[in-house]
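An overview of the molecular structure
Residues per chain, in single letters:
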Amino acid sequence: MPFFRVRVLILSGSSVGTPVFSQGSSLATRSTSFCTGLEANEVLSAYQSGFRKGHSTETAVTYLTDQILEHMDNQQMTGSVFIDLKKAFDLVDHNCLLQKLEHYGVRGKSLTWFQNYLGSRTQRVRFGQDLSPSLPIEYGVPQGSLLGPLLFVIHINDLPSCLKNTHISMYADDTVIYYSGANPKEIKKALQEDLERVVTWMEINRLVLNKEKTKGMLFGTRQRLDAVANFYITISGTNVEMVSKFTYLGVTLDEELKWKAHVEDVHKKVSKRLGLLRRIRSSLTLRAAQAVYKCIIEPIFSYADTAWGELPESSITSLQRLQNRAAKIVTCQKSTRTARNIVNWPVLETLRKIHKCILVYKCLRNFVPIYLKNYFKVNNDVHNYNTRQRRNIHPNKTNLVLGGRTFKNSGRLVFNSLPSEIKEASSLAIFKRLLKGHFI
């Protein structure tokens, strides 16, 4: 069985290590202890963003889109395959998972605890008045549990080890492999070879790839995409459907990363919820109506906007009009200016700047995944000149407008525009407070 090479996590009860769980500790305490041990010993793959401190769908999508845009800026295309697993959490083989836990250093009493946790479950079915006999559950991690998602992450932790050509991004079972280059044949060959390795890995690890829901996409500028013909990838002789847009971790990616499709999706979701808010507005106080907006509408506007926030002016205007409409519904006013004065919401462009600055600050202070660490360099790291810009982020080289649309570049520009006392804030909480005072 292929395994990802990692440092061994010592969690056994022997004299070599410390027991992962103390006697009588709660499940929540055990889960926290287990997570801490995994992170401290760097057991989990750097490419896995699911259910980990400092990781999020935002960091995963932002890094992926930056990689694609940077290669587009260098006149290259990026081929990708978005992999879908059939009932991923339900098909985890307990014996296979326990072998992996032991491989990563979970031994002795700790391993016995996991054996009991997974193996002491049974299920039966009732149909009418008939009840089937109880049978042991040999597959799947407990749904809705604290440990279930983490155990699944461990089960697929060594998936990146089977790849030879491509890069990978994972958020639990949401997985994409991708490869960039100038030659479509080279991209196709790299993806095809690694996709076959993924299929083999899944067979060994007793998971099932859903061929119908697995999609392929080729990213690039319109000029380069139009020059490509007959680009396809297969799984066991079956063609993978090539699409022009795909929703990955809640963000709709289009083949040119112009974000028109994502803006349309945001517009539809917000409009539907504004319709609901309009219907119930007469039963709400102003404070309650604002709370509804903050809870179920604003998050749609701002979700992962560090990745897709660099929009054409027409898209920015379209979304801003939608927020203005929300303000008028909340305040029961016909005038946009009057409504906005009452709610005092920052415009969406300001929200995007705030979110970018926060993520840049986290990158500079290493509060982010490994793939975003060292993402930015301040001028002091590049030269020793004691200039007024010494704490500014050093610029990156870009060839086309595409490079300027990356978070790496747009985040740098907005962060550098901040006063020094904000950029040098001693903590994230202080930084957020100063940032809010600066922009709002």
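Residues numbered from 1 in each chain as written. Predicted model: local features only at pLDDT ≥ 70, side-chain atom pairs only at ≥ 80, totals over all residues. Heavy atoms only, no water.

Describing helix α8 (residues 260-280)
Under the 1.5 Å per step criterion, the end-to-end length of α8 is 31 Å for 21 residues, consistent within 8% with the ideal 30 Å. Of all the positions in α8, only A261, H262, V263, V266, V270, L274, G275 and L277 are classed as buried. Contacts made by the buried residues of α8 are with β12 (245-248), β13 (251-254), α9 (286-296), α10 (298-302), α11 (305-308) and α12 (313-331). (Helix = DSSP H or I, 4+ residues; strand = E, 2+ residues; numbered from the N terminus. Expected span 1.5 Å × (residues − 1). Buried < 20%, exposed > 50% of the residue type's maximum accessible area, 1.4 Å probe, protein only. Contact = heavy atoms within 4.5 Å.)

Digging into unusual backbone geometry
Peptide bonds are mostly trans, and most non-glycine residues show a negative phi. Look at W259: it is not a glycine, yet its phi comes out positive at around 70°. Classification of W259 by relative accessible area gives buried; the value is 1%. Phi at N344 is positive, roughly 55°, even though this residue is not glycine. Among the secondary structure elements, N344 is positioned in the loop between α13 (336-343) and α14 (348-364). Taking the relative accessible area as the measure of exposure, N344 reaches 57% and is therefore exposed.

Observations regarding the pairing of β12
Two strands pair when backbone bridges link them, and β12 and β13 are joined in this way by four bridges, in the antiparallel orientation. Bridging across to β13, F246 finds its partner in L253. The loop that links β12 with its antiparallel partner β13 comprises two residues; one of these, L249, has a positive phi angle of about 55°. (Pairing = 2+ DSSP bridges.)

Some thoughts on the packing of aromatic side chains
The full count for this structure, using the stated rule, is 14 aromatic pairs. Taken together, a centroid distance of 4.3 Å and an interplanar angle of 15° make the contact between F89 and F152 stacked. With F89 in the loop between β1 (77-83) and α3 (94-103) and F152 in helix α5 (residues 148-155), this pair connects stretches of sequence that are 63 residues apart. Per residue, the accessibility class of F89 equals that of F152, and both read buried. On the numbers, 6.3 Å between centres and 15° between planes, the contact of Y375 with F407 is stacked. With Y375 in the loop between α14 and α15 (379-382) and F407 in helix α17 (residues 407-416), the pair connects residues that are 32 residues apart, well separated along the chain. Stacked on the ring of Y117, the Lys or Arg R121 has its end atom at 4.8 Å from the ring centre. (Phe/Tyr/Trp six-rings, centres within 6.5 Å; stacked < 30°, edge-to-face > 60°. Lys NZ or Arg CZ within 6 Å of the ring centre and 35° of its normal.)

Re the nonpolar core
If you look at soluble globular proteins, the nonpolar side chains tend to sit buried side by side. In this structure, L253, F301 and F431 are the most contacted members of the largest nonpolar core, which totals 67 residues. Not counting chain neighbours up to four residues away, the residues in contact with L253 comprise L64, T65, F82, M217, F219, S244, K245, F246, Y248 and W259. The next biggest cluster of nonpolar side chains, apart from the first, holds 54 residues, and it includes L98, L118, L225 and I233. (Core = buried A, V, L, I, M, F, W, Y, C linked by side-chain atoms within 4.5 Å.)

Focus on the sheet that holds strand β7 (residues 174-181)
What the five strands build is an open sheet, ordered β6-β7-β1-β8-β11; its pairing is mixed. Each end of this open sheet is capped by a strand with a single partner; those strands are β6 (167-171) and β11 (241-242). For β6 and β7, the ladder comprises five bridges, and the chain directions are antiparallel. Among the inter-strand pairings, I168 is bridged to a residue of β7, identified as I177. Along the sheet, helix α2 (residues 57-73) makes contact with β1, β6, β7 and β8 (215-219), crossing β7 at roughly 15°. (Axes fitted to C-alpha atoms, helices over the stretch in contact; angles between N-to-C directions.)

Side note on the packing of α12 against α13
Axes are the key here: two packed helices are described by the angle between their axes and the distance separating the axes. Between α12 and α13, the shortest axis-to-axis distance is 8 Å and the interhelical angle comes to 75°. Taken together, α12 and α13 sit at an angle that is classed as roughly perpendicular. Seen from α12, the contacting residues are Q320, Q323, N324, A327, K328, V330 and T331; seen from α13, they are T336, A339, R340, I342 and V343. (Parallel < 35°, antiparallel > 145°, perpendicular 65-115°, else oblique.)

A closer look at the confidence of the model for the protein chain
Of all residues in the protein chain, 90% attain a pLDDT of 70 or more, and the chain-wide mean is 89. The model gives residues 1-23 a pLDDT under 50, and that stretch makes 67 contacts with residues more than four places away or in other chains. (pLDDT = per-residue confidence, 0-100.)

Description of α14
Spanning 17 residues, α14 covers 24 Å between terminal C-alpha atoms, matching the ideal 24 Å at 1.5 Å per step. Extensive coverage of α14 is indicated by the burial of twelve of its 17 residues. Of all the positions in α14, only L348, T350, L351, R352, I354, K356, C357, I358, L359, V360, Y361 and C363 are classed as buried. Following α14 by one or two positions, N366 adopts a phi angle in the positive range, close to 60°.

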